[in-house]
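# Structure assessment
Read off the chains here:
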Amino acid sequence: MTRRDGVGRSLFDAVRRWAARRARLLEWQAHHERAAPFYERLGHRGDRCPQPDDPTFLLDLTGTDPAFP
């Protein structure tokens, strides 16, 4: 397996589905160079706080977020 085989997307989708049954929001931080571009390719936008090198991503799981089909 190599990068861009879809494994990361599949794992994130599984986490999102799991969290949708248990929570209203999903929040995580990702390193701005190593991980944030991956989440941005999935359509998520991170805020540059509280750590400048680790933007915070927030996903609304209530069904009103267009990034959550």
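Predicted model only: the values in this text are computed from it and were never measured.

Cut-offs and rules
- Residues numbered from 1 in each chain as written.
- Predicted model: local features only at pLDDT ≥ 70, side-chain atom pairs only at ≥ 80, totals over all residues.
- Heavy atoms only, no water.
- Helix = DSSP H or I, 4+ residues; strand = E, 2+ residues; numbered from the N terminus.
- Buried < 20%, exposed > 50% of the residue type's maximum accessible area, 1.4 Å probe, protein only.
- Contact = heavy atoms within 4.5 Å.
- Core = buried A, V, L, I, M, F, W, Y, C linked by side-chain atoms within 4.5 Å.
- Phe/Tyr/Trp six-rings, centres within 6.5 Å; stacked < 30°, edge-to-face > 60°.
- Polar contact = N/O pair within 3.5 Å; in protein donor to acceptor, adjacent residues only side chain to side chain.
- Expected span 1.5 Å × (residues − 1).
- Arc of directions from axis to C-beta.

## Let's talk about the overall build of the chain
- A count of helical and extended segments in the chain gives two helices and three strands.
- Along the chain, from the amino end to the carboxyl end, the secondary structure elements read α-β-α-β-β.
- In the chain, buried positions account for 28% of the 69 residues.
- Considering only contacts in the chain between residues 6 or more positions apart, those separated by 24 or more positions represent 54%.

## Digging into the nonpolar core
- Formed by Phe12, Ala19, Leu26, Trp28, Ala30, Ala36, Tyr39, Leu42, Phe57, Leu59 and Leu61, the largest nonpolar core amounts to 11 residues.
- Those elements giving two or more residues to this core turn out to be α1 (7–20), β1 (25–29), α2 (36–41) and β3 (54–60).
- In contact with Ala19, other than residues within four places in its own chain, are Leu26 and Leu61.

## Some details on the packing of aromatic side chains
- In the structure shown here, the tally under the stated rule is six aromatic pairs.
- Aromatic pair Trp28 and Phe57: ring centres 5.4 Å apart, planes at 5°, arrangement stacked. Of this pair, Trp28 sits in strand β1 while Phe57 sits in strand β3, and the two are 29 residues apart along the sequence. For the pair Trp28 and Phe57, a shared accessibility class is recorded, and that class is buried.
- Within the aromatic cluster, the residues linked to one another by ring pairs are Phe12, Trp28, Phe38, Tyr39 and Phe57.

## Here we look at the environment of Thr62
- Mapping Thr62 onto the fold places it in the segment after β3.
- Among the polar contacts made by the side chain of Thr62, one reaches the side chain of Asp60 at a distance of 2.5 Å.

## Side note on α1
- Counted at 1.5 Å a residue, the expected span for α1 with its 14 residues is 20 Å, and the 20 Å between its end C-alpha atoms agrees.
- Along α1, the positions that sit buried rather than exposed are Phe12, Arg16 and Ala19. Buried positions in α1, seen along its axis, are confined to an arc of 70° and lie on one side of it.
- Buried-residue contacts for α1 involve β1, α2 and β3.

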